[in-house]
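# Close look at the chain arrangement
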Amino acid sequence: RRDRLFSRKVLIRDFVDSHAAQPFRPGRPFAISIGRVCASKGHHRAADLARLLGLPLRVIGPIVDKKYARHLRSLGCKVLGALPRPKALGLLQAAQALLWTPMEDEPSGRVVVEALRLGVEVIGRAVGIVSDVIRSGSPHRQLRSNGDYFVRIDREPSFLPESQSTVADSYWKLFRALGIA
């Protein structure tokens, strides 16, 4: 049974294929915040941060709280809602910075990895994946906005996987170390 399980092709999507991004010409520089449009994702904090940086903010993600989306628009944000993945990746790649400002600790933060892999600067709370990136030795600086502390991570995609096969090899090594492969 184990041979059958591991003899099949396995598709692993935990890497960013920059070729999948739909090219986007932004006109002028902008910052981006990605995630469900609701207060727990902290897009209003991203709006404050964008104002501090002098950049307009675009927000991508499913609108789950229409009142909150209206509030973000009143702050000058362009709320785009959910977009197809190639278009979202294209916007992320064109952004000056990803602003990652969740109100609650988030253990993963995949969008942070995607931004760094695409060569986009990340400015975010030092929790979850941002904290992990800092501990990996990535160059960073601290930034303060409205009493909140944020970390600015320079564009450094080199520590991230280059390809799907690299990620697959990493999983295989992990599974072998755990004794399940």
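Residues numbered from 1 in each chain as written. Predicted model: local features only at pLDDT ≥ 70, side-chain atom pairs only at ≥ 80, totals over all residues. Heavy atoms only, no water.

### Re the packing of aromatic side chains
Taken as a whole, this structure holds zero aromatic pairs when the rule is applied. In this structure, Arg-58 packs its charged tip against the face of Phe-30, placed 4.3 Å from the ring centre. (Phe/Tyr/Trp six-rings, centres within 6.5 Å; stacked < 30°, edge-to-face > 60°. Lys NZ or Arg CZ within 6 Å of the ring centre and 35° of its normal.)

### Quick look at the environment of Arg-45
Tracing the backbone through its elements, the reader meets Arg-45 in helix α2 (residues 43–53). In this structure, the C-alpha to C-alpha distance between Arg-45 and Ser-33, residues 12 residues apart in sequence, is 9.9 Å. (Helix = DSSP H or I, 4+ residues; strand = E, 2+ residues; numbered from the N terminus.)

### A short note on helix α6 (residues 128–135)
Burial in α6 covers these residues: Ile-129, Val-130, Ser-131 and Val-133. Turning to α6, the residues buried within the fold contact β4 (97–100), α5 (110–117), β5 (121–124) and β7 (148–153). (Buried < 20%, exposed > 50% of the residue type's maximum accessible area, 1.4 Å probe, protein only. Contact = heavy atoms within 4.5 Å.)

### Some thoughts on the side chain of Arg-125
With respect to the helices, strands and loops of the structure, Arg-125 is situated in the loop between β5 and α6. According to the relative accessible area criterion, Arg-125 is buried, its value standing at 16%. A distance of 2.6 Å separates a polar atom in the side chain of Arg-125 from the backbone oxygen of Pro-102. Leaving out residues up to four positions away in the same chain, Arg-125 has contacts with Arg-45, Trp-100, Thr-101, Pro-102, Met-103, Glu-104, Asp-105, Val-130 and Phe-150. (Polar contact = N/O pair within 3.5 Å; in protein donor to acceptor, adjacent residues only side chain to side chain.)

### Remarks on a positive patch on the surface
Taken together, the side chains of Lys-66, Lys-67, Arg-70 and Arg-73 define a basic patch exposed on the protein surface. Looking at Lys-67, the relative accessible area reads 63%, which means it is exposed. (Patch = residues over 30% accessible without salt bridge, like charges linked within 9 Å, V, L, I, M, F, W, Y side chains within 5 Å. Areas by Shrake-Rupley, 256 points an atom, 1.4 Å probe, with all protein chains shown as cover. Salt bridge = Lys/Arg side-chain N within 4 Å of Asp/Glu carboxyl O. Lys, Arg positive; Asp, Glu negative; His and termini not counted. Charge placed at Lys NZ, Arg CZ, Asp CG, Glu CD.)

### Regarding the nonpolar core
Core analysis: the largest hydrophobic core is formed by 23 residues, its most contacted members being Ile-32, Leu-98 and Val-112. Put simply, the parts of the chain that give this core at least two residues each are α4 (85–94), β4, α5, α6 and β7. Among residues more than four places away in sequence, those in contact with Ile-32 are Leu-57, Arg-58, Ile-60, Leu-91, Leu-92, Ala-95, Ala-97, Leu-98 and Leu-99. If you look at the next biggest cluster of nonpolar residues, it comprises 19 residues, including Ala-46, Ala-50, Leu-57 and Leu-99. (Core = buried A, V, L, I, M, F, W, Y, C linked by side-chain atoms within 4.5 Å.)

### Details of the side chain of Glu-114
With respect to the secondary-structure elements, Glu-114 resides in helix α5. Here Glu-114 falls in the buried class, since its relative accessible area comes to 7%. At 2.7 Å, the side chain of Glu-114 and the side chain of Arg-85 are in polar contact.

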